[in-house]
Amino acid sequence: MATRPNSEPEESNPASVSKLSLQKIPSPNTVLHQKHQLSTTHHYCIATLTGHVSCVSSITLAGKFLYSGSTNSEIRAWKRTPVKSEVETENLVSSVMAVGEGAVKCLIVSADKLFSAHQDHKIRVWKIKSQEQQTQKCEHIATLPTFGDRVLRLLNPSSRVQIRRHKKSTWVNHVDTVSSLAILKDGSLLYSVSWDRALKIWRTSDFKCLESISNAHDDAINTVVVSEAGMVYTGSADRKIKVWKKNSEEKHTLITTLERHSFGINALAVSKDASVLYSGDCDRSILVWKNNGDQSMSISGALSGHGKAILCLTVASDLVCSGSADKTIRIWGELDNSYFCLAVLEGHLGPVKCLTVKADPYSKPGASASNYLVYSGGLDNDIKVWKLFVPPQ
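Rules used throughout
- Residues numbered from 1 in each chain as written.
- Predicted model: local features only at pLDDT ≥ 70, side-chain atom pairs only at ≥ 80, totals over all residues.
- Heavy atoms only, no water.
- Helix = DSSP H or I, 4+ residues; strand = E, 2+ residues; numbered from the N terminus.
- Buried < 20%, exposed > 50% of the residue type's maximum accessible area, 1.4 Å probe, protein only.
- Contact = heavy atoms within 4.5 Å.
- Areas by Shrake-Rupley, 256 points an atom, 1.4 Å probe, with all protein chains shown as cover.
- Pairing = 2+ DSSP bridges.
- Axes fitted to C-alpha atoms, helices over the stretch in contact; angles between N-to-C directions.

Novice: Outline the overall build of the chain, supporting the account with residue identities and numerical values.
Specialist: Secondary structure summary: the chain contains 3 helices and 30 strands in total. For the chain, the proportion of its 393 residues judged to be buried stands at 55%. Here the analysis covers contacts within the chain between residues at least 6 apart in sequence; of these, 50% occur between residues at least 24 apart. Surface exposure of the chain reaches about 17100 Å², of which carbon and sulfur atoms provide 49%.

So, in structure tokens, the structure goes:
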């Protein structure tokens with residue numbers, strides 16, 4: 001049976017672990033610019049959103065709302081407003097939008113649909129009502145796999161696969177926690193990964209499971225991301241990243257396997273043009289992979305600074321943001337092929353489990369700095385909103 005990812009690795013000597021995981025890996029220059037950038041990049045927490053009574057495990061932005069999921073199966077919607085300080089927290093309207101079954105592991109929005117991945121092995125689909133309302137409501141419209149899909153497979157003996165020594169299931173079913181979701185840019189295909197080691201592909205028009213790659217990894221799969229060009233990246237507790245692509249027969253095949261991590265992989269993020277992939281693991285390392293242009297990738301460096309496991313990664317414009325079990329968020333920038341730490345955001349009382357970043361829609365036109373809003377969810381049950389000012393590089 002696949003092992004679960006460990007967000008709180010055992011304490012060990014930081015120097016020895018860092019040396020082990022980054023052995024023979026070129027380290028980007030994180031010192032040359034760090035002092036200057038930390039002094040000119042400004043950030044502060046403008047709101048702390050309270051309401052969840054259990055750990056915040058996933059957040060995503062869509063339109064005027066922030067959506068958050070927690071380990072007690074609750075999904076909340078938060079109306080976005082231009083807050084300027086933490087005293088304005090109460091102006092943010094929150095409502096319980098939905099309650100599923102099993103802890104929420106991942107949320108993703110496409111058009112008017114919200115997809116949620118759960119610990120009970122299911123994916124649920126919710127139809128979002130009008131974004132013009134002050135409080136968000138939704139309607140549960142499907143659970144994947146759908147009843148029709150399951151019945152159809154049950155009638156076909158060849159659709160049943162061995163999942164344990166004395167147990168079988170249809171190949172459309174995940175048989176362990178659904179840990180992560182990703183969706184194509186056009187919204188046509190949904191990708192799901194699970195601790196059952198499978199990668200599944202779903203058609204969003206009718207929620208049919210089109211394809212299942214069982215044993216896509218040798219251990220639990222913790223994360224999946226997809227580029228705008230349709231390249232699919234999966235990261236696993238087996239310490240491997242696998243890259244998948246749809247072939248001429250409309251089936252996904254393995255393109256390459258990336259193996260440089262020494263510990264299980266918790267998070268992946270890919271740049272908009274798919275030229276760079278970032279991967280974070282339980283050894284607090286973030287590795288940077290460059291696309292060689294021939295469907296292969298090579299490692300170009302490692303970002304060091306966090307004190308514990310990397311739990312989440314996201315990319316916004318030319319920024320990389322990382323959240324860690326050390327309770328901090330780090331913002332990274334790149335200049336002349338060197339990465340440097342722009343800011344360290346501190347304030348959570350527990351590990352930072354999820355992140356999302358957007359350009360600040362309330363910033364003044366023609367501002368001398370790039371303004372961003374960073375949203376972070378933690379195991380302290382809170383969501384924090386940060387304002388980040390990044391000067392021209």
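Novice: Talk me through unusual backbone geometry; I want residue IDs and the actual numbers.
Specialist: Cis geometry marks the peptide bond from Leu144 to Pro145, where omega comes out at 0 degrees. Counting through the fold element by element, Pro145 comes out in the loop between strand 9 (138–144) and helix 3 (147–154). If you check the backbone angles, His121 has positive phi at about 80 degrees while not being a glycine. Take His121: it is sitting in the loop between strand 7 (113–118) and strand 8 (123–128). His121 sits in the partly exposed class, given a relative accessible area of 29%. Although it is not a glycine, Lys327 sits at a positive phi angle of roughly 75 degrees. With respect to the element layout, Lys327 can be found in the loop between strand 25 (319–324) and strand 26 (328–335).

Novice: Break down the sheet that holds strand 25 for me, with residues and values.
Specialist: The 4 strands are arranged 24-25-26-27 in an open sheet whose pairing can be described as antiparallel. Both outer strands of the open sheet, strand 24 (310–316) and strand 27 (338–346), are each paired with one neighbouring strand and no more. In this sheet, adjacent strand axes meet at a mean angle of 20 degrees when their direction is disregarded. Two strands pair when backbone bridges link them, and strand 26 and strand 27 are joined in this way by 8 bridges, in the antiparallel orientation. For Leu335, the partnering residue across the bridge sits in strand 27 and is Ser338.

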